[in-house]
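Architecture and fold: a report
Each chain, letter by letter, is given below.
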Amino acid sequence: MTARIGVVTFPGSLDDRDTRRAIRLAGAEPVALWHKDKDLKQVDAVVLCGGFSYGDYLRAGAIARFSPVMEPLIEQAKAGLPVLGICNGFQILTEAHLLPGAMLGNDHLHFICRDQKLRVENAETSWTSDYRAGQEIHIPLKNMDGRYVADDRTLDMLEAEGRVAFRYVGFNPNGSLRDIAGITNEAGNVVGLMPHPEHAVEPLIGTGRTDGLPFFTSILKKLVNA
């Protein structure tokens, strides 16, 4: 049976089609979820894609967090449903308190769009098992509010528990504390990151690499072997 992975579209989402294509290339079935849906259509995992949900009014992800689709998503994520938040999706996961910390404006106050080198710090989550710990990858990055922040106690906890999933290498593009590019929850089923793996799944687009595809093959293997 083919794994079904939902992709949520909010008003202002702009990477939902790319994400669905990445899921299809990995061998799973993408399922479109609308922000007003009150159920998740029995999907096996969910991706909150990039964009500017609700125009980033108030604060990035702050309004989307209260969309009807988030109620079942939060409940099921706490029960073990795999959830990946990319860029704006990462912002929404912090606003929903599924991941600790917050996302603030880039320290240089400008939108940034570039190919970014990352180091995989945790290859044991539902979304990263097809990587190796310590592996360096190149993933496109585009954001205005990509600066990850948290208090020292939270940062120390993330470090001690191995919950920093990805770290910027060579250049910190937005001022994220401790060069953090992505984190995971304690159970490893919820992952958020700022760069866009869905833009690095085919050699003809993005970085010219397929470094982002293992996100989607990782979850497929997880679901198949569950």
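The structure displayed is predicted, hence computed values, not measured ones.

1. A few points about the overall build of the chain
A tally of regular secondary structure across the chain gives five helices and eleven strands. Over its C-alpha trace the chain gives a radius of gyration of 16 Å, about what one expects of a compact globule, namely 17 Å for 226 residues. Overall size of the chain, expressed as C-alpha extent along the three principal axes, is 45 × 35 × 35 Å. With 226 residues in all, the chain has 58% of them scored as buried. A sequence separation of at least 24 residues applies to 72% of the contacts in the chain between residues at least 6 apart. Approximately 9,800 Å² of the chain is accessible, and the part contributed by carbon and sulfur atoms is 49%. Positive and negative charge centroids in the chain, built from 24 and 28 side chains respectively, lie 3 Å apart.

2. A word on the environment of Gly 212
Tracing the backbone shows Gly 212 in the loop between strand E11 (190-193) and helix H5 (213-224). As a C-alpha pair, Gly 212 and Lys 41 span 171 residues in sequence and 26 Å in three-dimensional space. The contact partners of Gly 212, leaving out residues within four places of it in the chain, are Tyr 131, Ile 139, Pro 197, Ala 200 and Val 201.

3. Examining H5
Taking 1.5 Å per residue, twelve residues should reach 16 Å; H5 reaches 17 Å between its end C-alpha atoms and fits that length. Residues of H5 that are buried: Pro 214, Phe 215, Phe 216, Thr 217, Ser 218, Ile 219, Leu 220 and Leu 223. Structurally, H5 contributes buried residues whose contacts are with strand E1 (4-9), helix H1 (16-26), strand E3 (45-48), strand E4 (83-86), strand E9 (164-168) and E11.

4. Observations regarding a nonpolar patch on the surface
Together, Leu 14, Phe 52, Phe 111 and Met 144 line one region of the surface with nonpolar side chains, adding up to about 340 Å² of accessible area. Judged by relative accessible area, which is 41%, Leu 14 ranks as partly exposed.

5. Considering the nonpolar core
Core analysis: the largest hydrophobic core is formed by 67 residues, its most contacted members being Val 46, Leu 48, Met 70, Leu 84, Tyr 148 and Phe 166. Ranked by the residues each element gives to this core, the list is headed by H5, at five residues. The residues touching Leu 84, leaving out its near neighbours within four places in the chain, are Val 46, Val 47, Leu 48, Leu 93, Trp 127, Val 191, Leu 193, Phe 215 and Phe 216.

6. Notes on the packing of aromatic side chains
Inspection of the entire model under this criterion finds four aromatic pairs. Note on Tyr 131 and Phe 215: the rings are 5.5 Å apart at their centroids and 75 degrees apart in plane angle, and the pair reads as edge-to-face. One end of the pair, Tyr 131, is in the loop between strand E6 (112-120) and strand E7 (136-143); the other, Phe 215, is in helix H5, with 84 residues separating them in the sequence. Each member of the pair, Tyr 131 as well as Phe 215, carries the same accessibility label: buried. Members of the aromatic cluster, each reached through a chain of ring pairs, are Tyr 131, Phe 166 and Phe 215. Positioned over the ring face of Phe 66 is Arg 65, at 4.6 Å from the centre of the ring.

The rules behind the values
- Residues numbered from 1 in each chain as written.
- Predicted model: local features only at pLDDT ≥ 70, side-chain atom pairs only at ≥ 80, totals over all residues.
- Heavy atoms only, no water.
- Helix = DSSP H or I, 4+ residues; strand = E, 2+ residues; numbered from the N terminus.
- Rg over C-alpha atoms; globule rule 2.2 N^0.38 Å.
- Buried < 20%, exposed > 50% of the residue type's maximum accessible area, 1.4 Å probe, protein only.
- Contact = heavy atoms within 4.5 Å.
- Areas by Shrake-Rupley, 256 points an atom, 1.4 Å probe, with all protein chains shown as cover.
- Lys, Arg positive; Asp, Glu negative; His and termini not counted.
- Charge placed at Lys NZ, Arg CZ, Asp CG, Glu CD.
- Expected span 1.5 Å × (residues − 1).
- Patch = residues over 30% accessible without salt bridge, like charges linked within 9 Å, V, L, I, M, F, W, Y side chains within 5 Å.
- Salt bridge = Lys/Arg side-chain N within 4 Å of Asp/Glu carboxyl O.
- Core = buried A, V, L, I, M, F, W, Y, C linked by side-chain atoms within 4.5 Å.
- Phe/Tyr/Trp six-rings, centres within 6.5 Å; stacked < 30°, edge-to-face > 60°.
- Lys NZ or Arg CZ within 6 Å of the ring centre and 35° of its normal.

Purely spatial values, then, with no claim about function.
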